[in-house]
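# Survey of secondary and tertiary structure
If you want the building blocks of each chain, they are given just below.
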Amino acid sequence: MAVNDECKLKFLELKSKRNYRFITYKIEDQQVILDKIGGPDETYEDFTNSLPPNECRYAVFDFDFTTDENCQKSKIFFIAWSPDTSKVRMKMVYASSKDRFKRELDGIQVELQATDPSEMSFDIIKSRAI
């Protein structure tokens, strides 16, 4: 499975320049390509709404939060979105390509696998970040 160079470049911009809040990726013609990019002002809700209900996606989300000690922090989440309603073949392709693609994105801090929106609620993201 090939990974389009644009995928890595946009991830580096998210990680170092914080130009984006999230990036979603999809597999098309045997390669991982960019799907959608969310600007720095977009929310977690904007991100979850951008995921298709019946298709798999990989996503990266830059989560800002405040610790109990009142420190501003940020963690980069890698989310493998594989809804139960997507095609079995699609789920298999995304599952088998996930680790290779994730290795291309240096700087992922938390990984999450979700098959429906409740598995990646804001509360779950927050609890995994702290």
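As annotated in an unreviewed UniProt entry, the chain is ADF-H domain-containing protein from Deinandra increscens subsp. villosa. Here the chain is described in UniProt, under the heading Sequence similarities (unreviewed entry), as follows: "Belongs to the actin-binding proteins ADF family."

One full turn of an α-helix is made of 3.6 residues, so residues set three or four places apart face in the same direction. Taking 1.5 Å as the rise per residue, helix α1 (residues 5-17) with 13 residues should run 18 Å; its terminal C-alpha atoms sit 18 Å apart, in good agreement. Taken residue by residue, α1 has Cys 7, Lys 10, Phe 11 and Leu 14 as its buried positions. The buried side chains of α1 occupy one side of the element, clustering within an arc of 105° when seen end-on. The outward face of α1, more than 90 degrees from its buried face, is lined by the exposed residues Asp 5, Ser 16 and Lys 17. On the buried face of α1, the contacting elements are β1 (2-3), β2 (22-28), β3 (31-38), β4 (57-66), β5 (72-81) and α3 (88-104).

Bringing a negative patch on the surface into the picture now. On the surface, Asp 41, Glu 42, Glu 45 and Asp 46 cluster together to form a negatively charged patch. Relative to the helices and strands, Glu 42 is located in the loop between β3 and α2 (44-50). Here Glu 42 falls in the partly exposed class, since its relative accessible area comes to 30%.

What the six strands build is an open sheet, ordered β1-β3-β2-β4-β5-β6; its pairing is mixed. Each end of this open sheet is capped by a strand with a single partner; those strands are β1 and β6 (110-114). In this sheet, β3 lies alongside β2 in antiparallel orientation, the contact comprising seven bridges. Looking at the pairing, Thr 24 lines up with Lys 36 of β3.

This structure, assessed with the given rule, holds 13 salt bridges. Between Arg 57 and Asp 35 there is a salt bridge, with the nearest N and O atoms lying 2.8 Å from each other. With Arg 57 in strand β4 and Asp 35 in strand β3, this pair connects stretches of sequence that are 22 residues apart. For Arg 57, a relative accessible area of 7% corresponds to the buried category. In this structure, the salt-bridge partner of Glu 104 is Arg 100, at a minimum N-O distance of 2.8 Å. Taken as a pair, Glu 104 and Arg 100 lie in helix α3 at a separation of four residues, close to a single helical turn. Residue class for Glu 104 comes out partly exposed when judged on its relative accessible area of 28%. Since its relative accessible area comes to 35%, Arg 100 is described here as partly exposed. Residues participating in the shared-partner salt-bridge network are Lys 26, Glu 28, Asp 35, Glu 55 and Arg 57.

Calculation rules
Residues numbered from 1 in each chain as written. Predicted model: local features only at pLDDT ≥ 70, side-chain atom pairs only at ≥ 80, totals over all residues. Heavy atoms only, no water. UniProt positions renumbered as here; feature names shortened; annotations may be inferred. Helix = DSSP H or I, 4+ residues; strand = E, 2+ residues; numbered from the N terminus. Expected span 1.5 Å × (residues − 1). Buried < 20%, exposed > 50% of the residue type's maximum accessible area, 1.4 Å probe, protein only. Arc of directions from axis to C-beta. Contact = heavy atoms within 4.5 Å. Patch = residues over 30% accessible without salt bridge, like charges linked within 9 Å, V, L, I, M, F, W, Y side chains within 5 Å. Areas by Shrake-Rupley, 256 points an atom, 1.4 Å probe, with all protein chains shown as cover. Salt bridge = Lys/Arg side-chain N within 4 Å of Asp/Glu carboxyl O. Lys, Arg positive; Asp, Glu negative; His and termini not counted. Charge placed at Lys NZ, Arg CZ, Asp CG, Glu CD. Pairing = 2+ DSSP bridges.

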